[in-house]
Every structure is written in structure tokens, then in C-alpha cells.
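Report on the structure
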Amino acid sequence: MKPSARHWWLPVLSGVFIGTSYIPFPPWASLFCFVPLWLFWQRQARWREVVLGGFLTAFVFTLIGFNWVTYVLHEFGQLDWPVAVLGMLLFALLAHLFVPLAGLLWFLGQRRFRWRPGLSLALMALITVLCEANSPTLFDWNFGYSWYGSQVPLYHWAEIVGFSGLSAATLLANWPLLLAWRQRREARGRRLLAGVVVAFALLNLGGLWLKQRLPQPDGLLRVLLVQGNVGNFEKISAELGKGYQQAILDRYLKATDAALAGEVRPIDFALWPETAFPALLGEDLNPSPYSERLREFLRQRRLALVTGAYGVDFASRLLTNSLFMLDQDGEIVPPHYSKTRLLAFGEYIPGESWFPQLRSWLPPTGQFARGPGPTVLLEWNGLRMGPQVCYESLFPDFSRALADLGAQFIVNTTNDSWYGSWQEPWQHMMMTLARGVELRRPVLRATNTGISTVGLASGEVLRQSPLHEPWAGVYDVPFVRVPAPTVYQHAYWAVPALLWLALAAGLVAGWRERRVSRV
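Residues numbered from 1 in each chain as written. Predicted model: local features only at pLDDT ≥ 70, side-chain atom pairs only at ≥ 80, totals over all residues. Heavy atoms only, no water.

1. Overview of the overall build of the protein chain
Keep this limit in mind: Strands are runs of DSSP state E lasting at least two residues, helices are runs of H or I lasting at least four, and both sets are numbered from the N terminus onward. Each radius of gyration reported is based on C-alpha atoms, and the globular scaling rule is 2.2 Å times the count of residues to the power 0.38. Here the term buried applies to any residue with accessible area under 20% of the maximum for its type, exposed to any over 50%, and partly exposed to those in between, with areas from a 1.4 Å probe on protein chains only. Contacts between residues were defined by any pair of non-hydrogen atoms, one from each residue, lying within 4.5 Å. To measure how exposed things are, a 1.4 Å probe is used in the Shrake-Rupley method; for residues, cover is taken only from the protein chains shown.
On a plain count of helices and strands, the protein chain comes out with 19 helices and twelve strands. Compactness check: the protein chain gives a C-alpha radius of gyration of 25 Å against a globular reference of 24 Å for 519 residues, within 12% of the reference. Reported as C-alpha extents along the three principal axes, the dimensions of the protein chain are approximately 85 × 55 × 35 Å. Split into buried and exposed, the 519 residues of the protein chain put 55% on the buried side. Across the protein chain, the fraction of contacts at a sequence separation of at least 24, relative to all contacts at a separation of at least 6, is 71%. Total accessible area computed for the protein chain in this model is approximately 22,900 Å², and 63% of it derives from carbon and sulfur atoms.

2. A word on the packing of helix α16 (residues 396–404) against helix α17 (residues 424–439)
Formally: Between N-to-C directions, angles cover 0 to 180 degrees, with each direction set by a line fitted to C-alpha atoms, over the stretch in contact for helices. Angles are sorted into four bins: roughly parallel if under 35 degrees, roughly antiparallel if over 145, roughly perpendicular if 65 to 115, and oblique for all others. Each crossing is labelled by how the near helix is turned from the far one, with a counterclockwise turn of less than a right angle marking it left-handed and a clockwise turn marking it right-handed. Gly is put with the polar residues, along with every residue not named as nonpolar or charged; the nonpolar set is Ala, Val, Leu, Ile, Met, Phe, Trp, Tyr, Cys and Pro, and the charged set is Asp, Glu, Lys and Arg.
Where α16 meets α17, the closest approach of the two axes is 10 Å, and the angle between their N-to-C directions is 50°. Classified by the angle between their axes, α16 and α17 sit oblique to one another. Classified by chirality, the crossing of α17 by α16 is right-handed. Together, Pro-396, Ser-399, Arg-400 and Ala-403 of α16 and Arg-435, Glu-438 and Leu-439 of α17 make up the contact between the two elements. For the contact of α16 with α17, a count of residues per class yields three nonpolar, one polar and three charged.

3. Here's the deal with empty space enclosed by the protein
To keep it simple, the criterion reads: Only protein atoms enter the calculation, which uses a 1 Å grid: trapped sets of points that fit a 1.4 Å probe without letting it out are cavities, open sets showing protein on both sides within 12 Å along at least five of seven lines are pockets, and any residue with an atom within 4 Å of a point is a lining residue. Grid points are joined across faces, edges and corners, and a volume is the space filled by probe spheres set on the points.
What the rule picks out here adds up to three cavities of 30 Å³ or more. Of the volumes computed, that of the largest cavity is approximately 50 Å³. Lining the largest cavity we find His-96, Phe-98, Glu-132, Ala-133, Ser-135, Thr-137, Asp-140 and Trp-141. Its residues placed into classes, the lining of the largest cavity shows three nonpolar, three polar and two charged.

4. What about the packing of helix α9 (residues 158–172) against α17?
Contact geometry of α9 with α17 gives a least axis separation of 8 Å together with a crossing angle of 145°. Of the residues in α17, those touching α9 at Ala-158, Glu-159, Gly-162 and Phe-163 are Ala-434, Arg-435, Val-437 and Glu-438. Class assignment of the residues belonging to the contact of α9 with α17 gives a composition of four nonpolar, one polar and three charged.

5. Side note on the environment of Trp-354
Examined against the element boundaries, Trp-354 turns out to sit in the loop between β6 (337–338) and α15 (358–361). C-alpha of Trp-354 to C-alpha of Pro-217: the two residues are 137 residues apart in sequence and 50 Å apart in space.

6. Re the pairing of strand β5 (residues 318–326)
Here is the rule we go by: In this scheme, strands are said to pair when DSSP sees at least two bridges between them.
The buried fraction of β5 is high, at seven of nine residues. By the bridge criterion, nine bridges tie strand β4 (residues 305–313) to β5 in an arrangement that is antiparallel. Residue pairing for β5: Tyr-310 is matched across the bridge by Asn-321. Joining the antiparallel neighbours β4 and β5 is a turn of four residues, in which Arg-317 adopts a positive phi near 60°.

7. What about unusual backbone geometry?
Looking along the chain, the bond that leaves Ile-23 and enters Pro-24 is cis, with omega of 10°. With respect to the element layout, Pro-24 can be found in the loop between α1 (9–19) and α2 (35–42). If you check the backbone angles, Asn-229 has positive phi at about 55° while not being a glycine. In this fold, Asn-229 is placed in the loop between β1 (219–227) and α12 (232–239). Positioned with a positive phi, Cys-390 is a non-glycine residue whose angle comes to about 55°. Note on Cys-390: relative accessible area 9%, which makes it buried.

8. Some remarks on the packing of aromatic side chains
Selection criterion: The rule is short: rings of Phe, Tyr and Trp, with Trp giving its six-membered ring, pair when the centres are within 6.5 Å, and they are stacked under 30 degrees, edge-to-face over 60, tilted in between.
Inspection of the entire model under this criterion finds 27 aromatic pairs. Look at Phe-25 and Trp-422: their rings are 6.1 Å apart centre to centre, the planes differ by 80°, and that puts the pair in the edge-to-face class. Taken together, the positions of Phe-25 in the loop between α1 and α2 and Trp-422 in the loop between β9 (409–414) and α17 put the pair 397 residues apart, joining distant regions of the chain. Residue Trp-422 is classed as partly exposed on the basis of its relative accessible area of 41%. Between Tyr-391 and Phe-395 the ring centres are 5.7 Å apart and the planes differ by 70°, which places this aromatic pair in the edge-to-face class.

9. Observations regarding the environment of Leu-294
Summarising the element assignment, Leu-294 is placed in helix α14 (residues 289–301). Classification of Leu-294 by relative accessible area gives buried; the value is 0%. Residues Leu-294 and Thr-453 lie 159 residues apart in sequence; the distance between their C-alpha atoms is 24 Å. With sequence-adjacent residues up to four places away left out, Leu-294 is seen in contact with Leu-253, Trp-272, Phe-277, Leu-305 and Leu-326.

As C-alpha cells, then:
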């Protein structure tokens, strides 16, 4: 069937549905967002139109849901706005290749094996889900986070299947709704629609039940989160040793002091953001005027502190982006943690080890040593904290490894100052706090410019800091001293295994049907 111009609005519609259903938007179209695109794919007779339709959908939803990349290219990449816009358009074209890839794989399989219509639709959905889960992207977002972002109770199922499993279920729900649309004038179509509505309601009731059965916390943590709102120019200058260190340290000390002044009850520790301390720290480093001032500040106030700071990897002679625990005497409590998953073109240049000349082409790019991964906890006064820096929180395996080590809660420090005030701060926050739902452990998140907050094991998000303002806040955080592993922590592989088995079963069924028809 040759596509007509009127068919091309279907991929665009899917792009609009997807883009307007991701954080910070409510997931209003998540259960049927792929239906228009899949209808379009079914009408095509050539693979080129299928692939182009996939590109069109991905392009539209990336422009809507991730247009903050334009600001990053301008602010972080120092590109003029017209160039940043062109970069955004290129990013939108290439960022989510899983959509055209899924269409191509389905179309080639359909043309080769001539699947019957019902099986073809099921395989279309499964192939889309598996491509979404396994294709590389800039960061590991998925369709499950939107339910948490809008506090729809079914997000509690993440403790069993993870948010990746919720994403798979969300996409698979598009399959019966596609069938319902195709058969909308028949009773079967109405039954399919009713079945999806009932299943959605039951999953939400089940989510509320999962929340109610959580173990009661037997510990209470009082933590002070501090947000300095230090500008990018000041942070870069401090990193390069060109000034502003004293001004940055003053800002954090004053904000911490102001928050302490109104507190009568003791605070277990304060949490400062990623690289908040603007100088080197380390167990084996000689004290600097900045570290001495920090030590004296903590000693006088009998305050423990977890802070991001620059460390040194002596083996490579490179800086590290690290997290340090300092006790009430201002002494470093070993071991500290150094960031492992570094930011490409911010903290390292991809391929530099093979092509060293890349460094001469991109001299302003940071060059940091990698840490040891999620292999250490920050421990002090009976508290066991799982450390992670910035977007390490977006990788479920990283937080799961910290839970396996016995972390009672996760501390995440972040600098989101490069991303502006639209979309990304909320996306990054909810994706970070989602780890607490999967593992049923609190997540403490301190950022430089916002959003700083605490997510409880129940999924409740406590008071959120304002964006791009200096701020400090004290939180009472209930936690379980010896948290039990969740189903997802134990069997995170179950959902991917089931999806691959379902695909294999569908392919075998299609092969057998074709073999029988030939006989």
C-alpha cells in the first residue's frame, strides 16, 4: 500500500503523545502513545517509509520532551543560540534511534515470515519494547518514570519489576489498545478497552497495597541539605584554580550556619552538593587553607558533613570528582568515594585513550580519573550511606549494588546548573528518587542549583528546594536500619528474560505456522 500524505500525520501524532506524556507532563497518553505510529507502520509496503515514520516520531517527541538540550549546548558547550538550535535538531534526529530500528526489524521480519495479523501486532510491540530497553541513549530514561512523576500509585510495582519493567508494561499496553481501536465498532474492541481500564485500576490498587505493606522504619535521620546556587563561571574558575574558592566556601558556610541557627534538635550530618567544597580534599593530602577552615567550622559546631569535592587519583595523577564524609572534628572518615560514570565531554573525552590528539582539539574539556564503582559505603556513627554523584543515579544497577553492600539510604550529590529551569531538573530529580522506590530505601539529594529534596522508601517526595536560589533545609528521614532486599534487587533480570522468551516464543510460533501452511 503506497503511503499518502494524509498518513504521515500518524507518526507526528505519536511523537506529540510521547513528548507530552513525559516528565514534567502527566502520563496522559502513555498507554496509547505508540498506537498511531504502529497503525502507520502497518500501512506501509516499503521499509523506507517505516524507518522514516520512526525517525519522525522520535524527532518530534525528543523536541518536546528534551528541548533543554538546546540550553545545555549554549551554556555548557558555549555555542551561540543559532548553533545550539541546530545541535538540538541533530540531537532530536539521532537521540532515540530505537524507534526507527524497531520499525525496521519488525518490517523485515513481517516481509520474510508473513506473520498472521494478530501475531504480527504482538511482535511489533515486543520488538519496540526490547529496542527501547537495549538501545544506547544519552541517559537511561524510560516510560515508567512518568507514573512516579505524577504519583500514580502503580509506580509502587517498581519494587518488583523496576521502572524498566513498568516501562515495558506501559508500552505493551499499547498493543491491546491498538487492537481495540482497529475493532472499535465491534463488541470485542469495547471488551479490550474495558479490560485495559480494569487492569489499570487493579494495578493502582495493587500499588497502594504494596505501599501499605512496607515495614515500619526503626530509625530516624535528621539531615541538613544545603544548596549554594554557585554559577558556572565561578565553578569553572574554582576548578581551574583561578579564584572564587573563598567566595564559594563562604557561601556554603554561611548557608549552613544560618540553617543551624534555628535548630534546637541535633543534626546527624549536613549534605553539600557535587564539588561544593571548591578545593582538594583527601586522606593523603596536606591541609590547605580551605580545608583547615572547613575543619575548624565543623569542629566548633560539632557537625558532621558529607560533601562533594575534588580529590586526587595518585596512580593516574588526575583529579577525581569525589564524595567525602567528615566527622564532627572535621576529620575525613575513610574511605571516600570517587565518581565512576563520568560525563562525556564534561569530565572526559570519549576515545581519548586511543586518540590522544583529541585532547588538543578539545582543550577545555575536563580530565578526571574514574572511581572504583559502587564498591564502598560512607559509614559514620552507625549510618551506612550509598554514595553516588550526579547521573550515576540514573543507572539502576549502580544503586542496586549499593543496596547489596547494605546501604541504609542513598546520598546523591548533583550539579544541574548547566540545564536551565525547564524540564531537566524535574526529570533528573524523579529519575534519581526512583531508585529509592526500586530498593525501598530513602534517597537524599543535594544539588547546586536545585532541585534538592528527599525521597522516602515509600515513594513520598518531601519538600523541594527552589530553583536557582541559595537555600538550606532540615529533613527528618525515617529509614529501616537493616533493610530487606526487594524483589527487584534480587531478580532484576526477570523482566528482560521474560520479554526475550516471549519474543522467542512468538518467532517460533510464526515459524511453525508458516511451516504448516506450506504443508
